[in-house]
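Here's the letter readout for the chains.
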Amino acid sequence: MAGKPKLHYFNGRGRMESIRWLLAAAGVEFEEKFIETPEDWDKLRSDGHLMFQQVPMVEMDGMKMVQTRAILNYIATKYNLYGKDIKEKALIDMYTEGIADLNEMIIVLPLCPPDQKEAKIALIKERTTDRYLPVFEKVLKSHGQDYLVGNRLSKADIHLVELLYYVEEIDPSLLANFPLLKALKTRVSNLPTVKKFLQPGSQRKPPINEKSLEQAKKIFR
Amino acid sequence: NPKPRVMATKPKLFYFCGRGRMESIRWLLAAAGVEFEEEFIETTEQYEKLLKDGRLLFGQVPMVEIDGMVLTQTRAILSYLAAKYDLYGKDLKETVRINMYTDGTLDLMLMIAVAAFKPPAEKEESLALVVKRAKTRYFPVFEKILKDHGEDFLVGNKFSWADIQLLEAILMVEELDASVLSEFPLLKAFKTRISNIPTIKKFLQPGSQRKPPPDSHYVEVVRSVLH
């Protein structure tokens, strides 16, 4: 019997959260080993388990996978969330990369010096409403289907809905002019696996707070 | 009745006349033996036309017209090409390894691409970090992979996207520090071997569509177009 995938990361969202979302949405149970001290981090690297000395790292199917995108693409292929052919996959990849670019801005926001934070948040809001969300609203409008690509749930929908939750955390009014995205968010949130993941007590991680940020900085000094 | 002869249109690349984020795409197409056209963005007007025509999904280049699609996002384009030209491994486990390796080498090369736009002191620091990362984080990994399996190519004993991108990265870092491969004998042999593949050999010759390192003119053009 194949063991459950094992996720190595610190106890927070960061770059691992989209992997948690995708596994959860695919209905795959997983374990987590949190890096909690500088010693944990030193050991993980010196044991040679991290190809480029970085996390995320996911142990799965006899492999120690690194690089967020490589991991996500493996999971999506394995669980049939990557379209039916290479053209659908190209669309899914294109949408995913756009989502990842905006998500990246949000992920690194906690590391931003306090005097630059307001400007960064303003930029995130602008990009959200002017560059990214209009694209996805238009895609849904253009074909009138329930999902972004091929009339079927794919990793693109899951990554987008995850992003919409973060956008809402920053400012709920950002979603005001995007009715189809709001409908997608509701629809995907109601899928049994996602619904379960959204409940308290799941492995979904909360936004980082001051204390966890200080701890992470100590670990990854 | 003879079938009507349909001429496949060549892929068309839209970008500035320089490496940036398009270079890895040029390498992959060239290595696969695929002829391609390029439209160079030199003015704000050209860029604004692309935007207005709705051909840049998120308002950004690289953009590639291929197989009836208008594709943006570097990695999406690279993955499509790798799959189309059978450079992506024979099964999912090989594909994930190719993805891990190419994500690593692309990270390294993008550090070089963005350094060009930094002020001089920061730029020097960034490029020094690239060389350090190459020597301590990336090249040792690939040297070990080649040592462990003793094969000619990184994955599955077959030429793949991972090999193309590693060669590209090696050459780029060598431009910063010619001695960077001194501790990596297998990578030296790899470099020679892959460079001699006919399609790649052709691409490495003067007059090909390969672009030179970014200079101040390139930086100026990009800045003025994207202000």
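Computed from a prediction, not measured in an experiment: that's the story for all the values here.

Conventions and cut-offs
Residues numbered from 1 in each chain as written. Chains lettered and ligands numbered in written order. Predicted model: local features only at pLDDT ≥ 70, side-chain atom pairs only at ≥ 80, totals over all residues. Heavy atoms only, no water. Core = buried A, V, L, I, M, F, W, Y, C linked by side-chain atoms within 4.5 Å. Buried < 20%, exposed > 50% of the residue type's maximum accessible area, 1.4 Å probe, protein only. Contact = heavy atoms within 4.5 Å. UniProt positions renumbered as here; feature names shortened; annotations may be inferred. Helix = DSSP H or I, 4+ residues; strand = E, 2+ residues; numbered from the N terminus. Pairing = 2+ DSSP bridges. Axes fitted to C-alpha atoms, helices over the stretch in contact; angles between N-to-C directions. Domains from an automatic or database assignment. Salt bridge = Lys/Arg side-chain N within 4 Å of Asp/Glu carboxyl O. Polar contact = N/O pair within 3.5 Å; in protein donor to acceptor, adjacent residues only side chain to side chain.

Caption draft 1: Spatial organisation of the nonpolar core. Ranked by internal contacts, the top residues of the largest apolar core, which has 152 residues, are Phe-139 and Leu-154 of chain B. Those residues in contact with Phe-139 of chain B that lie beyond four places of it in its chain are Leu-108, Ala-134, Leu-166, Ala-169, Ile-170, Val-173, Val-180, Leu-181, Phe-184 and Leu-187 of chain B.

Caption draft 2: Spatial organisation of the UniProt feature "domain: GST N-terminal" (unreviewed entry) in chain A. This chain's UniProt record puts "domain: GST N-terminal" (unreviewed entry) on residues 3–83 of chain A. This span, residues 3–83 of chain A, is 36% helix and 20% strand, and a straight line between its end C-alpha atoms measures 26 Å.

Caption draft 3: Representation of the sheet that holds strand S2 (residues 31–34) of chain A within the structure. All names here are of chain A. Strand order across the open sheet formed by four strands is S2-S1-S3-S4, with mixed pairing between neighbours. Each edge of the open sheet is held by one strand with a lone partner, namely S2 and strand S4 (63–66). Each adjacent strand pair in this sheet contributes to an overall mean axis angle of 20°, direction not counted. Pairing geometry for strand S1 (residues 6–9) and S2, over four bridges, is parallel. Paired with Tyr-9 across the strands is Phe-34, a residue of S2. Here helix H3 (residues 68–78) sits on the sheet and contacts strand S3 (57–60) and S4; the angle it forms with S4, its principal contact strand, is near 125°.

Caption draft 4: Structural context of the domain arrangement of chain B. All names here are of chain B. Here the domain parsing of chain B yields domain 1 (12–85 + 205–218) and domain 2 (92–196). Relative placement of domain 1 and domain 2: their C-alpha centres are 21 Å apart. At the interface, 16 residues of domain 1 touch 18 residues of domain 2. At the junction of domain 1 with domain 2, the criterion picks out three salt bridges. In this structure, the salt-bridge partner of Arg-75 is Asp-103, at a minimum N-O distance of 3.8 Å. Summed over the shared surface of domain 1 and domain 2, the result is two residue pairs in polar contact (both at pLDDT 80 or more). Mapped onto the side of domain 1 that touches domain 2, the elements with two or more residues apiece are helix H1 (23–31) and helix H3 (74–84). At five residues, the largest contribution of residues to the side of domain 1 that touches domain 2 is made by H1.

Caption draft 5: Examining the UniProt feature "domain: GST C-terminal" (unreviewed entry) in chain B more closely. Look at the UniProt record and you will see "domain: GST C-terminal" (unreviewed entry) annotated at residues 91–214 of chain B. Secondary structure content for residues 91–214 of chain B is 70% helix and 0% strand, and the end C-alpha separation is 37 Å.

Caption draft 6: Here's a closer look at the pattern of salt bridges. Taken as a whole, this structure holds 36 salt bridges over all chains when the rule is applied. Where Lys-84 of chain A meets Glu-88 of chain A, a salt bridge forms, and the shortest distance between an N and an O atom there is 3.1 Å. The exposure class of Lys-84 of chain A is exposed, given its relative accessible area of 64%. As a salt-bridge pair, Lys-12 of chain B and Glu-39 of chain B come within 3.4 Å of each other at their nearest N and O atoms. Placement of Lys-12 of chain B in strand S1 (residues 12–15) and of Glu-39 of chain B in strand S2 (residues 37–40) is noted, with a sequence separation of 27 residues between them. Several salt bridges converge on common partners, so that one network encompasses Arg-69 and Glu-97 of chain A together with Arg-75, Asp-103 and Asp-107 of chain B.

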